[in-house]
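Chain residues, written in single-letter form:
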Amino acid sequence: MQFDLDRRRPGQSRITTPRKETDTCKISSGVSEGLTTGTPIHVFVPNTDQRGFDYNEMSVAYRPSHADATYDMKYGVRSVQGGGRSSARETVGRVAAGAVAKKILKLYAGTEVLAYVSQVHKVVLPEGVVDHDSFSLDQIESNIVRCPDPEYAEKMIAAIDAVRVKGDSVGGVVTCIVRNAPRGLGSPVFDKLEAELAKAAMSLPATKGFEFGSGFAGTFLSGSEHNDEFYTNEHGKIRTRTNRSGGIQGGISNGEIINLRIAFKPTSTIGRKQHTVTRDKKETELIARGRHDPCVVPRAVPMVEAMVALVLMDQLMAQYSQSYLFPINSDLQEPLAIPRLEAAKASV
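An account of the accompanying structure is given in this report. From a predicted model like this one, the values you see are computed outputs, not experimental measurements. (Residues numbered from 1 in each chain as written. Predicted model: local features only at pLDDT ≥ 70, side-chain atom pairs only at ≥ 80, totals over all residues. Heavy atoms only, no water.)

### Side note on helix α5 (residues 150–164)
Rule in force here: Secondary structure elements follow DSSP: runs of H or I of four or more residues count as helices, runs of E of two or more count as strands, with numbering from the N terminus. To estimate how far a helix should extend, the number of its residues minus one is multiplied by 1.5 Å. Classification of residues uses two cut-offs on accessible area relative to the type maximum, computed with a 1.4 Å probe and protein chains only: under 20% is buried, over 50% is exposed, and between them is partly exposed. Two residues qualify as a contact provided that any one of their heavy atoms is within 4.5 Å of a heavy atom in the partner residue.
With 15 residues, α5 extends 21 Å between its outermost C-alpha atoms, agreeing within 8% with the 21 Å of an ideal straight helix rising 1.5 Å per residue. Burial in α5 covers these residues: Tyr 152, Ala 153, Met 156, Ile 157, Ala 159, Ile 160, Asp 161 and Val 163. The elements touched by buried residues of α5 are β5 (112–120), β6 (123–124) and α8 (297–323).

### What about the side chain of Thr 278?
Along the polypeptide, Thr 278 turns up in the loop between β14 (274–277) and β15 (283–286). By relative accessible area, Thr 278 is classed as buried at 11%. Apart from the residues lying within four places of it in its own chain, the contact partners of Thr 278 are Val 60, Ala 61, Tyr 62 and Thr 284.

### Quick look at the pairing of β14
Inclusion rule: Note: two strands are recorded as paired if DSSP finds a minimum of 2 bridges between them.
In terms of strand pairing, β14 meets β15 through four bridges, oriented antiparallel. For His 275, the partnering residue across the bridge sits in β15 and is Glu 285. Here β14 folds back onto β15, and the loop between the two strands holds five residues, one of which, Lys 281, carries a positive phi near 70°.

### Some details on the environment of Met 307
Position of Met 307 among the secondary structure elements: in helix α8. For Met 307 and Leu 197, which are 110 residues apart along the polypeptide, the C-alpha to C-alpha distance reads 7.7 Å. Setting aside residues up to four positions removed in sequence, Met 307 forms contacts with Arg 94, Ala 200, Ser 203 and Leu 204.

### Quick notes on the sheet that holds strand β13 (residues 258–264)
The test is simple: Every axis corresponds to a line fitted to the C-alpha atoms, with the helix fit spanning only the stretch in contact, and the corresponding angles, defined between N-to-C directions, vary from 0 to 180 degrees.
Strand order in this open sheet of five strands is β6-β5-β7-β13-β8, and the pairing throughout is antiparallel. Each edge of the sheet is formed by a strand with only one pairing partner; in this case those strands are β6 and β8 (207–212). As judged from the five bridges shared by β8 and β13, these two strands associate in the antiparallel manner. Each residue of the ladder has a partner; that of Thr 207, found in β13, is Phe 264. Here helix α6 (residues 193–202) sits on the sheet in contact with β8 and β13, set at roughly 160° to β8.

This is the structure:
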């Protein structure tokens, strides 16, 4: 849990917010001697570097493209200091819960959830540079921007540095892949797996787009070009020769690698003069103070992993309760193994 919180925390490098919040977590219930007890897990993460006075101007004037105005439009009142619930600080709970979900997924199905930065502003990691079958967490964490390719990582860092010194910001894309996802996750019609993943990913702050598999690029292909043809492998399992479906067909996982991409906008709060209006509807100019990320995507990586893991965990429990209460068709369905902690050499 602390490992993932450290990946999310502010102040971890020069290309993130300079706030020095350690995000040190303390578990006060639900865990005993490294094992869950079955009761809710309570995690306490104090904010040790808050500066409410940085938000004084924002209490009067709305930050362009931020949630300040819409929160007032909805509630008639808002929390000014720190941005309230529109602040990315709320994601600390998601990442903590996601760490537990990732551990359970690994134990039950050998499922691995990995995300990385594939684009910063105009620096785009070409498709195929990262081998989704073999790249590792160590490669992602080998640089401050969390791009597994060293050459493109340097270009991305330079792009962020270029706007950071000007008090501006840029956006980017986080790619997430799921290896060894159980087959059969997701339900037809309203609860399709990609729909659940999209909702979870788009609930993160600053998100602007979601695609999986071939995504929008798939619209340039014909059906014969886009279809993933089936075959039977040496172990008698049905596989696909390509994976333009992104590991999901008909809203249900097919056992191939699930891959998705989430677009994040440039950080709204910037240190450059912008035109805006006050709460009493007078036009004015605003230079926002505070310590904000010049690009959110390096810190968004563990947030995306967490939301994907939480969705898969929900779907795994639903699959177990809906499809495995009765004898399965062993020719077509795969049983879900119950892990033994001693054999896995892990605790949850």
